[in-house]
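# Examining the three-dimensional arrangement
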Amino acid sequence: MSATGSVTTYIDTENQLLTAAHGVEYAYRTTGASDAVPLVLLQHFRGNLDNWDPALIDALARDRRVITLDNRGVAASSGTTPSTVAQMALDVIDFIDALGVGEVDLLGFSIGSFVAQEIALVRPSIVRRVVLASSAPQGASGMHGWAPEVIGAVGKPETSAAEYLGVFFANSEASRAAGQQVAGRIFGARTLDRDAPTSWQTRLAQYDAVCAWGQPNHSLLERVSAIDKPVFVANGDSDPMILPRYSYLLAGLIPGARLKIYPDAAHGFLFQHHAEFAGDVEAFLARA
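Procedures and definitions
- Residues numbered from 1 in each chain as written.
- Predicted model: local features only at pLDDT ≥ 70, side-chain atom pairs only at ≥ 80, totals over all residues.
- Heavy atoms only, no water.
- Helix = DSSP H or I, 4+ residues; strand = E, 2+ residues; numbered from the N terminus.
- Rg over C-alpha atoms; globule rule 2.2 N^0.38 Å.
- Buried < 20%, exposed > 50% of the residue type's maximum accessible area, 1.4 Å probe, protein only.
- Contact = heavy atoms within 4.5 Å.
- Areas by Shrake-Rupley, 256 points an atom, 1.4 Å probe, with all protein chains shown as cover.
- Lys, Arg positive; Asp, Glu negative; His and termini not counted.
- Charge placed at Lys NZ, Arg CZ, Asp CG, Glu CD.
- Axes fitted to C-alpha atoms, helices over the stretch in contact; angles between N-to-C directions.
- Parallel < 35°, antiparallel > 145°, perpendicular 65-115°, else oblique.
- Left-handed = near helix turned anticlockwise from the far one by under 90°.
- Pairing = 2+ DSSP bridges.
- Right-handed = clockwise from strand over helix to strand, strands pointing away.
- Salt bridge = Lys/Arg side-chain N within 4 Å of Asp/Glu carboxyl O.
- Polar contact = N/O pair within 3.5 Å; in protein donor to acceptor, adjacent residues only side chain to side chain.
- Expected span 1.5 Å × (residues − 1).
- Arc of directions from axis to C-beta.

The secondary structure content of the protein chain amounts to 10 helices and eight strands. Here the C-alpha atoms of the protein chain give a radius of gyration of 17 Å, agreeing with the 19 Å that 2.2 N^0.38 yields for 288 residues. Overall size of the protein chain, expressed as C-alpha extent along the three principal axes, is 55 × 45 × 40 Å. For the protein chain, the residues scored as buried account for 55% of the 288 residues in total. Contacts in the protein chain between residues at least 24 apart in sequence constitute 74% of all its contacts with a sequence separation of at least 6. Accessible area for the protein chain stands at about 11400 Å²; split by element, carbon and sulfur atoms hold 53% of it. Each charge class in the protein chain was averaged separately, 21 positive and 30 negative side chains, and the resulting centres sit 3 Å apart.

Where helix α5 (residues 161-168) contacts helix α6 (residues 173-188), the axes come no closer than 10 Å and their chain directions differ by 120 degrees. Considering their axes alone, α5 and α6 lie oblique with respect to each other. Of the two possible hands of crossing, α5 and α6 adopt the one that is right-handed. Packed against α5, whose contacting residues are Y164, L165 and G166, the element α6 presents R176, G179, Q180, V182, A183, I186 and F187 at the interface.

Here we take up the sheet that holds strand β8 (residues 258-262). Strand order in the open sheet made by the eight strands is β1-β2-β4-β3-β5-β6-β7-β8, with mixed pairing throughout. The open sheet has two free edges, formed respectively by β1 (16-19) and β8, since each of these has just one partner strand. The mean inter-strand angle of the sheet, taken between neighbouring strand axes irrespective of direction, is 25 degrees. In the sheet, β1 pairs with strand β2 (residues 25-31) via four bridges, with the strands oriented antiparallel.

With that settled, the discussion passes to the pairing of strand β7 (residues 231-236). Successive side chains on a regular strand alternate, one facing one side of the sheet and the next facing the other. Of all six residues making up β7, six are buried, and the element is well covered by its neighbours. Side chains V231, V233 and N235 of β7 all project onto a buried face; the interleaved residues F232, A234 and G236 project onto the opposite face, where all are buried too. Examined bridge by bridge, strand β6 (residues 127-133) and β7 share four bridges and lie parallel to one another. By the bridge assignment for β7, A133 is matched with A234. At this point the chain moves from β7, through helix α8 (residues 244-253), to the parallel β8, and the crossover so formed is right-handed.

Its place among the elements puts D195 in the loop between α6 and α7 (200-213). Buried D195, no salt bridge; nearest opposite-charge side chain is R29, N-O distance 5.6 Å. A distance of 3.0 Å separates a polar side-chain atom of D195 from the backbone nitrogen of L49. Aside from chain neighbours lying at most four places away, what touches D195 is R29, N48, L49, D50, D70, A75 and A76.

The next point concerns unusual backbone geometry. Even without being a glycine, S134 presents a positive backbone phi close to 55 degrees. Judged by its relative accessible area of 0%, S134 is buried. Unlike most non-glycine residues, D193 shows phi in positive territory, near 55 degrees. Following the sequence through the fold, D193 ends up in the loop between α6 and α7.

A separate point is α6. Here α6 is 16 residues long and its end C-alpha atoms lie 22 Å apart, about the 22 Å a rise of 1.5 Å per residue gives. For α6, the set of buried residues is S175, A178, G179, V182, A183 and I186. Here the buried residues of α6 occupy an arc of 145 degrees about the axis, which is enough to place them on one side. Of the exposed residues in α6, the ones pointing more than 90 degrees away from its buried face are E173, A174, Q180 and Q181. Against the buried residues of α6 lie α1 (54-60), α5 and α9 (269-272).

Below, the discussion takes up helix α3 (residues 111-122). Over its 12 residues, α3 extends 17 Å from the first C-alpha to the last, a length consistent with the 16 Å expected when each residue adds 1.5 Å. Here α3 has its buried residues at I111, G112, S113, F114, V115, A116, Q117, E118, I119 and A120. Looking at the packing, one finds that the buried side of α3 touches β3 (39-42), α2 (85-99), β5 (104-109), β6, α7 and α8.

Following this line, the structure appears as structure tokens:
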């Protein structure tokens, strides 16, 4: 809530900076307010604070504090983007420690979901529940890099609107229409004080991390069985970036994990189905 009592939406949320123990200055935003455990969101490949759908953030923030951040070296945060998921996880832990909020819930999207898995494994004491959106376990066969048409669309200096829609939304009239609405919210709703763009160094480092995560190694699949927190795995049924079969695999490897596949949706299923997904996340986080 603002000082006047009006509801603050994500597009109006101010950018903040927080210097953590290792000297990195993290850019972040926080919205919503409650006594519930804060929900920390970890962004997708090359994404920054403005690449979250504000409709999703506002829905998630109705009942809790939601925190989005640029990890080390990403967009307005200082430092250099690391090229391993393991180091990215340590950097997020550094940020959470600096926030001083204690235990958090995590929602990781795409590469952010890899980071969330790693945090739950290396620092379980700060994690209460985990949501993994468009995710895959480390070492899964077939995950060594993305299909040429996918990295060709999102991995070049500038991604066109058509290429964004082609990766984030399914090839149906309904999904593409939803994608146009999402793109309008993400790229057009906030006109002032937008986040800095991500750099080419971030693109290279993050894709190195994705490729390393996806090197086939069946012994690494066993790592996620050590996650002893409640986990919700979700994906779109037509995701070309991280195929739905990896969501089934991941949910089967994590004891007690819940799984939901959203219909007629691709990598951006959580934006396309923002109201339903936010409701599912809230129900999962609120479970006793």
